[in-house]
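Observations on the three-dimensional arrangement
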Amino acid sequence: MAAFPQVSKIAYEGPKSKNPLAFRHYNPDELVEGKPMKDHLRFSVAYWHTMRGTGSDPFGPGTMLRPWEGPQDTVENACNRVRVAFEFMEKLGTPFFCFHDRDIAPEGKTLAETNKNLDAVVKVVKEEMQRTGIRLLWGTANLFSNPRYVHGAATSPNADAFAFAAAQVKKALEVTKELGGAGYVFWGGREGYQTLWNTDMKRELEHLARFMHLAVDYAQKIGFDGQFYIEPKPKEPTKHQYDFDAANCINFLRAYGLAAHFKLNIETNHATLAGHDVEHELEYAGHQGFLGSVDANTGDLLLGWDTDQFPTNVYLTTKIMLAFLKYGGFTTGGVNFDAKVRRESFEPADLFYAHIGGMDTFAMGLKIAAAIRADGELDRMLRQRYASWDSGLGAEIEAGKHDFESLERYMLQKGDIEPNASGRQELFENVVNRFIF
Ligand code: XLS
Ligand code: NI
Ligand code: NI
C-alpha cells in the first residue's frame with residue numbers, strides 16, 4: 001500500500017506554477033554550464049531526519065503523524081519504513097540518500113543481534129535501490145545516541161567504547177560498500193569535551209586519529225573506494241567539539257597523516273555555530289583542496305542551536321553553488337538535506353513541501369551562480385582589486401624574487417605606497433542583486 005497515495009511524481013512546471021507539489025526551478029535535465037541540473041546538485045534525502053525525525057524537543061514529545069509506523073520498532077517495521085522512504089524519494093526525484101546505521105535498523109540486545117538486524121534491513125534497502133535506481137551518497141555510523149557513548153566514542157576515556165565504535169564502523173563500512181556508497185562520513189558526535197579538568201585532550205586527539213587510520217586501513221582491506229569525509233561542527237552536543245571548522249579539521253588531517261584520505265562535508269548550520277558564513281567554510285576547504293560535499297540546511301540566528309531548517313534563502317544557495325562551480329562541482333559529493341520539518345509541520349505532506357522548497361532554492365542558486373559567472377562582472381571587479389599583484393612589484397613578490405632587504409630598498413626609494421582604492425563592498429553587493437531580482 002502506498003504511503004503517499006495523494007502524491008504522484010513531482011514534476012517541473014516552471015516559475016509560474018502555483019502547484020505546491022511541483023518544481024518551479026528544479027528541472028533535472030536542464031543544462032547549466034553544459035551539465036544537467038541533477039548532476040550539478042546530486043540531491044540526497046537524510047534518512048535520520050526525514051524518516052526518523054519525531055518532532056520531539058526538550059519541552060515535549062514527538063508530534064509527527066507517520067501512519068506507516070508500527071507500535072514498535074521491529075525489524076519488520078524498519079523494512080516497511082524503507083519501502084516508504086523509497087516511495088518518497090522516487091516521487092520526489094532525489095537521486096541519492098544518506099543514512100546512519102541506527103536510522104535504518106533497530107539495535108538488538110547484543111552487537112551480534114544488532115548486526116543481524118542491520119543485515120536484514122540492508123537487504124530491503126538494496127532491493128529498493130535496484131528497483132528505483134536511487135543511490136547511496138554516503139553512509140555513516142551513529143556513535144553518539146547510545147548511552148555507551150556518553151563520554152564519546154573514539155575519544156572516550158573508556159577503551160571499550162573505542163572498541164565498540166570500531167566494531168560499529170567496521171560494519172557500517174561493509175554495509176556502505178555493499179550498497180555501493182559514494183562516500184562515508186564521520187561527524188564528531190560526542191567527540192569533544194565539556195571541561196578540560198577531566199580531559200586529556202592530546203590523548204583524545206591521538207585516539208581520534210588512530211580511529212580514522214583504522215577506518216582507512218579497513219576500507220582498503222575490503223576494497224571500499226568511496227570518499228571519506230569529516231563533517232566539521234564546533235559545538236553541540238559537547239561544548240568543544242574537536243572537529244570545530246574547516247580550518248581546524250584540515251589541520252587535524254594534516255597533523256596526523258590523514259590528508260590524502262579525507263575531504264570535508266560542510267553544513268550551513270555548523271558554519272553558523274562556528275561563527276562563520278558557510279561560504280567562508282566552502283572557500284577555505286575549496287582552495288585547500290578539501291571540498292567534498294554539503295549538508296544542506298540553515299539555522300536561525302535568533303536560536304543558538306543546530307535547528308536544521310530547510311534552506312529557503314536564495315542568497316545562501318547562490319553562495320554555495322558559486323563555491324562549487326568555482327572548484328569544479330561535486331565529484332563524489334552532493335547536496336544532502338540534513339534538515340528537518342518543524343515540530344509544527346507534522347503531516348506527511350510537509351515532507352514533500354520541505355524538500356521541494358529546498359530543491360527549488362538550490363536550483364535557483366545554481367542558475368543565479370551560473371549567470372553571475374557568465375556575466376563576469378563580479379569576477380572582473382575582484383581581479384581588478386588585486387591588479388597590483390599582476391605586474392611589477394606584486395608579480396615579482398609572488399614569483400619569490402624579493403626579500404625584506406630588497407623590499408626595504410624599494411620602499412625607501414619610493415617613500416610611500418600607491419594610494420589605496422575603495423573596497424566597493426556596496427557595489428559588489430549591488431552587482432550580485434542584479435542577478436537575484
Ligand atoms: C549533526 C550532524 C549529523 C551528521 C551525520 O549535527 O549534522 O546529522 O550529518 O552524522
Ligand atoms: Ni550533518
Ligand atoms: Ni548538523
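Description of the structure in this document. Quick caveat, the model's predicted, so the values are computed rather than measured. (Residues numbered from 1 in each chain as written. Chains lettered and ligands numbered in written order. Predicted model: local features only at pLDDT ≥ 70, side-chain atom pairs only at ≥ 80, totals over all residues. Heavy atoms only, no water.)

Backbone geometry follows two general trends: most residues other than glycine have a negative phi, and most peptide bonds adopt the trans configuration. Following Glu-236, the chain continues to Pro-237 via a peptide bond in cis, the omega torsion being 5°. The phi dihedral of Arg-424 falls on the positive side, at around 55°, and the residue is not glycine. Here Arg-424 is to be found in the loop between helix H15 (404-414) and helix H16 (425-436). (Helix = DSSP H or I, 4+ residues; strand = E, 2+ residues; numbered from the N terminus.)

Structurally, Gly-304 is set in the loop between strand E13 (291-295) and helix H11 (314-326). A residue is classified by how much of its surface remains accessible, and Gly-304, at 69% relative accessible area, is exposed. With 225 residues separating them in the primary sequence, Gly-304 and Cys-79 have C-alpha atoms 36 Å apart. (Buried < 20%, exposed > 50% of the residue type's maximum accessible area, 1.4 Å probe, protein only.)

The next thing to look at is the side chain of Thr-155. For Thr-155, the location among the structural elements is in the loop between strand E7 (135-140) and helix H6 (159-178). Judged by relative accessible area, Thr-155 falls into the buried class, the value being 0%. Separated by 2.6 Å, the side chains of Thr-155 and Glu-191 make a polar contact. (Polar contact = N/O pair within 3.5 Å; in protein donor to acceptor, adjacent residues only side chain to side chain.)

Evaluated as defined, the whole model comprises 21 salt bridges. The closest approach of N and O atoms between Asp-73 and Arg-81, which form a salt bridge, is 3.1 Å. Taking the relative accessible area as the measure of exposure, Asp-73 reaches 30% and is therefore partly exposed. Looking at Arg-81, the relative accessible area reads 1%, which means it is buried. (Salt bridge = Lys/Arg side-chain N within 4 Å of Asp/Glu carboxyl O.)

Before going further, it helps to spend a moment on helix H5 (residues 111-132). Across its 22 residues, H5 extends 31 Å between first and last C-alpha, which sits within 8% of the 32 Å expected from 1.5 Å per residue. Of all the residues in H5, the buried ones are Thr-114, Asn-115, Asn-117, Leu-118, Val-121, Val-122, Val-124, Val-125, Glu-128 and Met-129. Where the residues of H5 are buried, they touch helix H3 (75-92), strand E6 (96-100), helix H4 (101-104), E7 and H6. Phi turns positive, to about 80°, at Gly-133, one or two residues after H5. (Expected span 1.5 Å × (residues − 1). Contact = heavy atoms within 4.5 Å.)

At their nearest, the axes of helix H8 (residues 246-255) and helix H10 (residues 278-287) sit 9 Å apart, and the two run at 30° to each other. The angle between the axes of H8 and H10 places the two elements in the roughly parallel class. Contacts between H8 and H10 pair Ala-246, Ala-247 and Ile-250 from the former with Glu-281, Tyr-284 and Ala-285 from the latter. Partitioned by chemical class, the residues of the contact of H8 with H10 number 5 nonpolar, no polar and 1 charged. (Axes fitted to C-alpha atoms, helices over the stretch in contact; angles between N-to-C directions. Parallel < 35°, antiparallel > 145°, perpendicular 65-115°, else oblique. Nonpolar A, V, L, I, M, F, W, Y, C, P; charged D, E, K, R; others polar.)

By the secondary structure assignment, Ser-156 is in the loop between E7 and H6. A distance of 3.0 Å separates a polar atom in the side chain of Ser-156 from the backbone nitrogen of Asn-158.

Tetrahedral coordination by four donors places them ideally at 109.5 degrees to one another around the metal; octahedral coordination by six donors ideally gives 90 or 180 degrees. Within the protein, the nickel ion (ligand 2) binds to Glu-231 (OE), Glu-267 (OE), Asp-295 (OD) and Asp-338 (OD); these donor distances fall in the range 2.0 to 2.1 Å. The site at the nickel ion (ligand 2) holds 6 donor atoms, and with the angles between them running 83 to 174°, its shape is octahedral. Written as a sequence motif, the donor arrangement for the nickel ion (ligand 2) is E-x35-E-x27-D-x42-D. Here the nickel ion (ligand 2) and the nickel ion (ligand 3) are spaced 3.8 Å apart, linked through Glu-267, which binds each one. Of this pair, Asp-295 sits in strand E13 while Asp-338 sits in the loop between strand E14 (335-337) and helix H12 (348-375), and the two are 43 residues apart along the sequence. Each member of the pair, Asp-295 as well as Asp-338, carries the same accessibility label: buried. (Donors = N, O, S within 2.8 Å, 3.2 Å for Na, K, Ca; no water. Tetrahedral: all angles 85-135°; square planar, octahedral: opposite > 155°, others 65-115°.)

Right, let's get into the packing of aromatic side chains. A complete count under the given rule lists 26 aromatic pairs for this structure. Between Phe-43 and Phe-362, the ring centres sit 6.4 Å apart and the planes meet at 80°, which makes this aromatic pair edge-to-face. Residue Phe-43 is found in strand E5 (residues 43-46), and its partner Phe-362 is found in helix H12; the two are separated by 319 residues along the sequence. Judged by relative accessible area, Phe-43 falls into the buried class, the value being 0%. Judged by its relative accessible area of 0%, Phe-362 falls in the buried class. A centroid spacing of 6.0 Å and a plane angle of 20° characterise the contact between Phe-97 and Phe-99, whose relative ring orientation is stacked. In textbook terms, an aromatic cluster arises when at least three aromatic residues are bridged by ring pairs, as seen for Phe-162, Tyr-184, Phe-186, Phe-211, Phe-224, Phe-228 and Phe-262. One residue, Arg-148, lies across the ring of Tyr-149, its end atom 6.0 Å from the ring centre. Geometry around Phe-164 places Arg-148 over its ring, the cationic atom sitting 3.7 Å from the centre. (Phe/Tyr/Trp six-rings, centres within 6.5 Å; stacked < 30°, edge-to-face > 60°. Lys NZ or Arg CZ within 6 Å of the ring centre and 35° of its normal.)

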